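# Examination of the molecular architecture
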Amino acid sequence: MEQNLNLYHIFVTVARCRNISGAARALYISQPAISKAISRLEQNLNTTLFLRSSRGVKLTEAGELLYRQVESAFYAISQGEQQLKKMQELGMGHLSIGASSTLCKYVLLPYLRTFTEENPHIQISISCQSTWQTVQELENGSVDIGLIGENDRMDKLSFYPVQEIEDIFVCAGSYLSNLKERAGLSASASVRDILAASTLMLLDKGNITRQYMDKYLALEGIETAQTLEVTSMDLLIDFARIGLGIACVIRSFVSGELEQGKLISLPLPAAIPRRRIGFAVLKNAPVSPALQKLLDRVAPERPE
C-alpha cells in the first residue's frame, strides 16, 4: 500500500503539472524515475493513464476518472494533517465526564472553571447521574472520567481521591422547636428521640449516599416515624431550610447556612464515619491528551 501511495502521489503531480519535467522538479526526483513510476502504475491498473506528446502529457479518459478520485483522497489527507496540526497547536480535544448533580455543582464545577480557562479548545460533555450509573458507564467506555463517591464496586477503576466528606443531620431551628412541642418532647430530648419523631428527609434509595446512611441508621438502631425521599441534595437543603423536616446532607455543602443560622446541625449519638470522593478512570484504558490534562489538574498524585 505504501508503494502504491507513492505511485499515486507521482501520478497526481504529473497530472497537475501536465509534463514530466515539471513533476520531476516538484518532487525533486529524476524524469526517468517519474516515467518509470507512471509506467508501473499503468501496468498495475492495466490501463493507459496519459497520452504523451512533445508538448507534455494529457490524461486519458481513464486517467481523468482516476485523477478525480485520487486528488480527492490526497486533499482529504491534507485536510486531516491540517486539522491534526491545529488540534496539537490549540490543545483541542473532547472529554466526557460522569457525576451526580450534587457533586457536579459542589465539587466538579470549581475544577472545571479553571480547567476551561486554561484549555478553552477542549470540548466537555457532562452526564449527571448516580455514582452507580457513572461506574457502569466508565466500565463500558461511555464516559472518560467520573467524579464518584468511594464504593465497593471499583475493582476495575483507578481512583484519585480529592476530598473527604462528612454527612450530618440538619434542620431549621423553627422546625426543631415545633417538633418538640408537637411530639411532647422535652427541651433536653435526645437526638434519637428527635429523629424518631421527625420527618427524616433522605436521597432516594438508588443513591450511594442513601445506602451509606441506611447502613448507619440500621447500625445505630435509629428509626423514624416518616421518611421523605428526594432526588437531589439541593432539594434536601431547600426543604430543610423551609422547615419541612430533618435532612441528611454533606456538611461542606451547607457551611454557609450553618454559619448564618439558617440551619442547625444535630449532634448524633455516634459520628457518621467520613467518606471520600474522587475522580475515577477505567484501569488500563487509553488516556487521551485532554484526559491527561484534567488528571494532572484534579489528581496529580498516583491513583489507588
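Conventions used here
Residues numbered from 1 in each chain as written. Predicted model: local features only at pLDDT ≥ 70, side-chain atom pairs only at ≥ 80, totals over all residues. Heavy atoms only, no water. Helix = DSSP H or I, 4+ residues; strand = E, 2+ residues; numbered from the N terminus. Rg over C-alpha atoms; globule rule 2.2 N^0.38 Å. Buried < 20%, exposed > 50% of the residue type's maximum accessible area, 1.4 Å probe, protein only. Contact = heavy atoms within 4.5 Å. Areas by Shrake-Rupley, 256 points an atom, 1.4 Å probe, with all protein chains shown as cover. Lys, Arg positive; Asp, Glu negative; His and termini not counted. Charge placed at Lys NZ, Arg CZ, Asp CG, Glu CD. Axes fitted to C-alpha atoms, helices over the stretch in contact; angles between N-to-C directions. Parallel < 35°, antiparallel > 145°, perpendicular 65-115°, else oblique. Left-handed = near helix turned anticlockwise from the far one by under 90°. Nonpolar A, V, L, I, M, F, W, Y, C, P; charged D, E, K, R; others polar. Pairing = 2+ DSSP bridges. Arc of directions from axis to C-beta.

Here we take up the overall build of the chain. The secondary structure content of the chain amounts to 12 helices and 12 strands. A compact globule built from 304 residues would reach a C-alpha radius of gyration of about 19 Å, whereas the chain, at 33 Å, exceeds it by more than 25%. Taking the principal axes of the C-alpha coordinates as reference, the chain spans close to 115 × 35 × 35 Å. Looking at the chain residue by residue over its 304 residues, the buried ones come to 40%. Once local pairs closer than 6 in sequence are excluded, the contacts in the chain between residues at least 24 apart make up 71%. Accessible surface computed for the chain: about 16,900 Å², of which carbon and sulfur atoms make up 50%. If you average the places of the 31 positive and of the 32 negative side-chain charges in the chain, the two averages end up 10 Å apart.

Attention shifts here to the packing of helix 5 (residues 101-118) against helix 12 (residues 289-298). Where helix 5 meets helix 12, the axes come as close as 11 Å, and the angle between the chain directions of the two elements is 130 degrees. Viewed along their axes, helix 5 and helix 12 adopt a mutual orientation that is oblique. The crossing of helix 5 and helix 12 is right-handed. On helix 12, the residues touching Tyr111, Thr114, Phe115 and Glu118 of helix 5 are Ala290, Lys293, Leu294, Arg297 and Val298. Looking at the contact of helix 5 with helix 12 residue by residue, the classes come out as 5 nonpolar, 1 polar and 3 charged.

This next bit is on the pairing of strand 1 (residues 50-53). As judged from the 4 bridges shared by strand 1 and strand 2 (residues 56-59), these two strands associate in the antiparallel manner. The partner of Leu51 across the bridge, within strand 2, is Lys58. In textbook terms, the turn of a hairpin is the stretch between consecutive antiparallel strands, and for strand 1 and strand 2 this stretch comprises 2 residues.

Strand order in the open sheet formed by 5 strands is 9-8-10-7-11, and the pairing between neighbours is mixed. Edge positions in the sheet fall to strand 9 (226-230) and strand 11 (264-265), since each has one partner strand and no second. Pairing of strand 7 (residues 167-171) with strand 10 (residues 246-250) involves 4 bridges; the strand directions are antiparallel. Residue pairing for strand 10: Asp167 is matched across the bridge by Ile250. Running at roughly 75 degrees to strand 7, helix 7 (residues 173-183) makes contact with strand 7, strand 8 (199-203), strand 10 and strand 11 of the sheet.

Glancing now at helix 10 (residues 233-241). Here helix 10 has its buried residues at Met233, Leu236, Ile237 and Ala240. Burial along helix 10 is one-sided: seen end-on, the buried residues are contained in an arc of 95 degrees.

Moving on, we get to the packing of helix 2 (residues 20-27) against helix 3 (residues 31-45). In contact at an axis separation of 9 Å, helix 2 and helix 3 are set at 105 degrees when each is read in the N-to-C sense. Judged by the inter-axis angle, helix 2 sits roughly perpendicular to helix 3. Contacts between helix 2 and helix 3 involve Ile20, Ser21, Ala23, Ala24 and Leu27 from the former and Gln31, Ile34 and Ser35 from the latter. Of the residues that constitute the contact of helix 2 with helix 3, the class distribution is 5 nonpolar, 3 polar and no charged.

Positioned with a positive phi, Tyr28 is a non-glycine residue whose angle comes to about 60 degrees. Within the chain, Asn284 stands out as a residue other than glycine whose phi angle is a positive 65 degrees. Relative to the helices and strands, Asn284 is located in the loop between strand 12 (275-282) and helix 12.

The 5 strands are arranged 4-3-5-12-6 in an open sheet whose pairing can be described as mixed. Since the sheet does not close on itself, it has two edges, and those belong to strand 4 (122-128) and strand 6 (157-165), each with one partner. Averaged over all pairs of adjacent strands, the angle between their axes in this sheet comes to 20 degrees, without regard to strand direction. Across 8 bridges, strand 6 lies against strand 12 in antiparallel orientation. Each bridged residue has a counterpart across the sheet, and for Phe159 the counterpart in strand 12 is Ala280. Against the sheet, helix 5 makes contact with strand 3 (93-99), strand 4, strand 5 (145-149), strand 6 and strand 12, and its axis sits at roughly 175 degrees relative to strand 4, the strand it touches most. Lying over the sheet, helix 12 contacts strand 3, strand 4, strand 5, strand 6 and strand 12, oriented at roughly 55 degrees with respect to strand 3.

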